[in-house]
Amino acid sequence: RRHTTINGRANGTGPPSGKRLFQGQESFEQAPMYVAVMTYLGFGLVTLFGYFRDFLRAVGLEKCHIAKERDEQKDFVPLYQDFENFYTRNLYMRVRDNWNRPICSLPGPVFDVMERVSPDYNWTFRLTGKTIPNVINMGSYNYLGFAENNVDFLKTVAERVQQYGLGVCSTRQEMGNLGIHQELEELVAEFLGVESAMVLGMGFATNSTNIPALVGKGCLILSDELNHTSLILGARLSGATIRVFKHNNMQSLERVLRDAVCSGQPHTHRPWKKIMIMVEGIYSMEGSVVCLPDIVALKKKYKAYLYLDEAHSIGAVGPTGRGVTELFGLDPSDVDVLMGTFTKSFGAAGGYIAGKKELVDYLRSHSHSAVYASAMSPPVTEQILRAMRCIMGLDGTTIGQTRVHRLAENTRYFRSRLQEMGFIIYGNDDSPVIPLLLYMPGKVVAFSRAMLRRKVGVVVVGFPATPITEARARFCLSAAHTKEMLDKVLFDLNEVGDELCLKFSQRKYTSRPKEQHHNNNDLNKDFKQDSL
Amino acid sequence: MDFKNVKEYLGWLYYQYLLITSIYVLEPWEQSIFNSVLFSILAMVVYTSYMVVPVHVHLALEVFSGICGEQPESTMALMN
């Protein structure tokens with residue numbers, strides 16, 4: 001069982017203010033041995049049946065639904081690499097009714113799912129025309145509830161559409177630099193507490209096109225084991241050397257840093273031009289939070305640069321929603337490059353890069369997406385502006401701060417109840433992303449279907465996005481979820497957990513510890529709730 | 001979870017077996033193939049153990065009692 005406590009412990013230096021605002025407990029409990037054995041057995045059996053079905057298709061006893069070469073081209077080099085798609089063809093296709101479900105409403109706290117049936121075991125789907133209304137949404141990245149269609153809140157957005165239209169029809173460098181783009185960049189810089197910021201139209205592209213502008217050949221990238229695909233893609237595109245350190249493990253990072261500084265570049269042993277450490281604020285598959293004070297201390301000691309991807313943590317953690325730098329009480333100027341996206345907490349689309357003015361000015365002319373990509377659409381920009389002003393309190397209301405607090409409350413409540421029930425949950429106690437481990441492929445599929453029957457929409461993830469034995473369901477909490485919705489979801493989870501035998505945890509929880517440093521009256525109400 | 005009768009409980013146990021072995025994701029005819037293969041293997045194991053185990057246990061007991069039986073007799077013979 002891995003159980004780590006986050007504190008500033010390495011190397012004697014802590015956050016500059018000296019005040020520890022955050023002491024998170026992270027746990028990654030391991031399931032009993034029989035679970036891993038049965039998971040491998042299950043995959044083995046389905047693989048055997050996969051070979052059997054492939055044989056039937058090759059012989060011709062069964063119709064082949066997938067792409068294959070034309071008869072005239074059978075002697076050519078094969079176009080469809082059959083074995084690479086083995087997993088897709090023989091496992092994913094059987095159960096793919098649990099993914100890509102079409103929805104037909106706003107992805108708020110509740111949404112409508114379109115009903116579909118499959119006559120041939122998920123090779124083709126047919127929409128029946130009916131919808132499943134008011135399904136509770138536990139999968140959308142809607143941390144602060146800004147995915148809303150309230151006409152009053154969206155008044156300014158509608159005005160922008162009338163003023164600017166929808167498309168910008170140019171890049172920022174040519175004719176697409178609108179006044180609201182500059183307004184947004186100044187607001188983002190003020191929000192984060194840095195000198196300057198740059199916004200881009202797409203979050204994934206922010207990582208994959210800006211990292212090549214920052215590092216190149218002769219530089220070293222130290223990237224966490226579980227980094228997101230966009231970071232990995234950007235690192236590979238840059239041409240720099242990439243070394244991986246164990247997830248959130250400061251000893252591993254220090255060892256890799258020392259080796260790199262001592263031995264230099266691979267064959268010539270010249271010193272590295274730049275060493276950049278790439279980490280994320282919250283890792284969305286694990287729910288873990290980065291040990292930022294330790295990393296900042298290491299970076300100062302070994303004179304490396306830090307690139308922090310706050311896609312899931314901006315707006316969602318921290319007492320006022322400013323992200324992991326605020327959570328740990330650190331100065332944002334300690335982090336060299338702050339990156340984040342507007343997709344998750346702001347209900348819009350796009351990403352930003354922030355830091356010192358020289359850095360952002362350099363990136364404006366050297367980054368691929370800043371130079372070539374189309375500028376951000378005006379209503380999307382206005383949505384981010386209104387959401388950010390709401391969180392900062394600049395619009396005169398306290399709605400933003402209420403939402404940040406409600407998200408923190410929902411997170412604590414949901415996590416503690418799930419642990420009490422006996423499920424294995426990964427991640428930090430304060431992260432709104434909650435992976436619930438399911439392990440076996442049969443249970444993963446049955447779980448998703450059972451929850452949809454009870455009108456709760458969940459996202460389940462399996463191999464290859466997770467390790468093969470650790471398939472999970474990932475819950476993303478929202479400030480828009482009310483207590484009644486969470487209670488209903490917990491009730492259903494309890495019943496489905498008993499029905500499918502998902503309660504693998506071997507810890508004993510007698511009662512929830514009272515938390516002194518968060519004073520919320522609602523917490524007292526929780527204790528009076530009857531346990532379900 | 002409360003089961004109204006034994007049939008429902010057995011149905012739930014079968015469901016657990018489908019989930020744990022991941023046979024749940026297969027089509028019904030594939031499940032039938034797997035169930036019949038597994039059942040025939042188990043039947044063969046039960047039959048073999050029924051035929052073989054009592055005979056071997058009996059033989060083993062004979063061998064051990066033979067060893068224990070012979071020892072005191074040989075030492076007595078030596079002393080005499």
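Computed from a predicted model, the values in this text were never measured in an experiment. (Residues numbered from 1 in each chain as written. Chains lettered and ligands numbered in written order. Predicted model: local features only at pLDDT ≥ 70, side-chain atom pairs only at ≥ 80, totals over all residues. Heavy atoms only, no water.)

## Considerations on the overall build of chain A
Scanning chain A from N- to C-terminus turns up 16 helices and 16 strands. In summary, chain A has a C-alpha radius of gyration of 24 Å against a globular reference of 24 Å for 532 residues, a match within 12%. Overall size of chain A, expressed as C-alpha extent along the three principal axes, is 70 × 65 × 55 Å. Sorting the 532 residues of chain A into buried and exposed places 53% on the buried side. Here the analysis covers contacts within chain A between residues at least 6 apart in sequence; of these, 71% occur between residues at least 24 apart. (Helix = DSSP H or I, 4+ residues; strand = E, 2+ residues; numbered from the N terminus. Rg over C-alpha atoms; globule rule 2.2 N^0.38 Å. Buried < 20%, exposed > 50% of the residue type's maximum accessible area, 1.4 Å probe, protein only. Contact = heavy atoms within 4.5 Å.)

## Quick word on the UniProt feature "transmembrane region" (unreviewed entry) in chain B
Residues and elements named next belong to chain B. The feature "transmembrane region" (unreviewed entry), as given by UniProt, occupies residues 9-26 and 32-53 in the numbering adopted here. A helix fraction of 67% and a strand fraction of 0% characterise residues 9-26, whose end C-alpha atoms lie 23 Å from each other. Overall, residues 32-53 shows 100% helix and 0% strand. The separation of its end C-alpha atoms is 31 Å. (UniProt positions renumbered as here; feature names shortened; annotations may be inferred.)

## Structural notes on the sheet that holds strand β16 (residues 471-476) of chain A
Residue and element names in this part refer to chain A. In space, the three strands of this open sheet follow the order β13-β16-β15, with antiparallel pairing throughout. Each edge of the sheet is formed by a strand with only one pairing partner; in this case those strands are β13 (433-439) and β15 (459-461). Between one strand and the next, the sheet's axes are offset by a mean angle of 30 degrees, whatever the strand orientation. Direction of pairing for β13 relative to β16: antiparallel, over a ladder of six bridges. (Pairing = 2+ DSSP bridges. Axes fitted to C-alpha atoms, helices over the stretch in contact; angles between N-to-C directions.)

## Points about the pattern of salt bridges
All names here are of chain A. This model, assessed by the stated rule, comprises 29 salt bridges over all chains. A salt bridge links Asp 54 to Arg 57; the shortest N-O distance between them is 3.0 Å. Of this pair, Asp 54 and Arg 57 both sit in helix α1 (residues 33-59), three residues apart, which is roughly one turn of that helix. The exposure classification of Asp 54 matches that of Arg 57, with both residues buried. Across the pair Glu 185 and Arg 172 runs a salt bridge, and its minimum N-O distance is 3.0 Å. (Salt bridge = Lys/Arg side-chain N within 4 Å of Asp/Glu carboxyl O.)

## Comments concerning the packing of aromatic side chains
All names here are of chain A. Applying the stated criterion to the full structure yields 14 aromatic pairs over all chains. Between Phe 342 and Phe 346 the ring centres are 5.7 Å apart and the planes differ by 75 degrees, which places this aromatic pair in the edge-to-face class. Relative accessible area serves as the criterion here: at 0%, Phe 346 is assigned to the buried category. On the numbers, 5.4 Å between centres and 75 degrees between planes, the contact of Tyr 439 with Phe 504 is edge-to-face. Here the residue Tyr 439 occupies a position in strand β13, and Phe 504 occupies one in the loop between α15 (483-500) and α16 (521-528), the gap between them amounting to 65 residues. Tyr 439 sits in the buried class, given a relative accessible area of 5%. (Phe/Tyr/Trp six-rings, centres within 6.5 Å; stacked < 30°, edge-to-face > 60°.)

## Here we look at the pairing of β13(A)
Burial analysis of β13(A) places seven of its seven residues in the buried class, which makes it a mostly covered element. Side chains of β13(A) alternate between two faces, with A:Val433, A:Pro435, A:Leu437 and A:Tyr439 and A:Ile434, A:Leu436 and A:Leu438 buried alike.

## Structural notes on the environment of A:Asp120
Residue and element names in this part refer to chain A. Within the fold, Asp 120 resides in the loop between β3 (110-117) and β4 (126-137). We classify Asp 120 as partly exposed; its relative accessible area is 21%. Along the backbone, Asp 120 and Arg 94 are 26 residues apart, and their C-alpha atoms lie at a distance of 9.6 Å. One polar contact links Asp 120 to Ser 118, side chain to side chain, over a distance of 3.4 Å. (Polar contact = N/O pair within 3.5 Å; in protein donor to acceptor, adjacent residues only side chain to side chain.)

## Details of the side chain of A:Ser416
Take A:Ser416: it is sitting in helix α13 (residues 399-421). Overall, the relative accessible area of 11% leaves A:Ser416 in the buried class.

## What to know about the interface of chain B and chain A
Reports often express the size of an interface as the amount of accessible area lost when the parts come together. The interface is formed by 18 residues belonging to chain B together with 24 residues belonging to chain A. Roughly 1,900 Å² is buried in total at the junction of chain B and chain A, and carbon and sulfur atoms are behind 70% of that figure. The tally of links from chain B across to chain A stands at three salt bridges. The salt bridge involving A:Arg53 is made with B:Glu30; its shortest N-O contact spans 2.6 Å. For the pair chain B and chain A, the interface holds six residue pairs in polar contact (both at pLDDT 80 or more). Those elements giving two or more residues to the side of chain B that touches chain A turn out to be α1 (6-20) and α2 (28-79) of chain B. Among the residues making up the side of chain B that touches chain A, the classes are represented as 13 nonpolar, three polar and two charged. (Buried area = accessible area lost by both parts, 1.4 Å probe. Nonpolar A, V, L, I, M, F, W, Y, C, P; charged D, E, K, R; others polar.)

## Considering the domain arrangement of chain A
Residue and element names in this part refer to chain A. Taken domain by domain, chain A consists of domain 1 (26-137 + 403-507) and domain 2 (151-392). Summarising the inter-unit geometry, the C-alpha centres of domain 1 and domain 2 are found 30 Å apart. Across the domain 1/domain 2 interface, buried area totals approximately 1,300 Å², and carbon plus sulfur atoms make up 60% of it. For the pair domain 1 and domain 2, the number of links is one salt bridge. Ionic pairing is found between Glu 286 and Arg 472, a salt bridge with its closest N-O pair at 3.1 Å. The interface formed by domain 1 and domain 2 contains six residue pairs in polar contact (both at pLDDT 80 or more). Secondary-structure elements contributing two or more residues to the side of domain 1 that touches domain 2 are β2 (25-28), α13, β12 (427-428), β13 and β16. Looking at the side of domain 1 that touches domain 2, the element that brings in the most residues is α13, giving five residues. (Domains from an automatic or database assignment.)

## Observations regarding the UniProt feature "domain: Aminotransferase class I/classII large" (unreviewed entry) in chain A
UniProt's feature table lists "domain: Aminotransferase class I/classII large" (unreviewed entry) at residues 134-490 of chain A, given in the numbering used throughout. Annotation note: span residues 134-490 of chain A, helix share 42%, strand share 17%, distance between end C-alpha atoms 17 Å.

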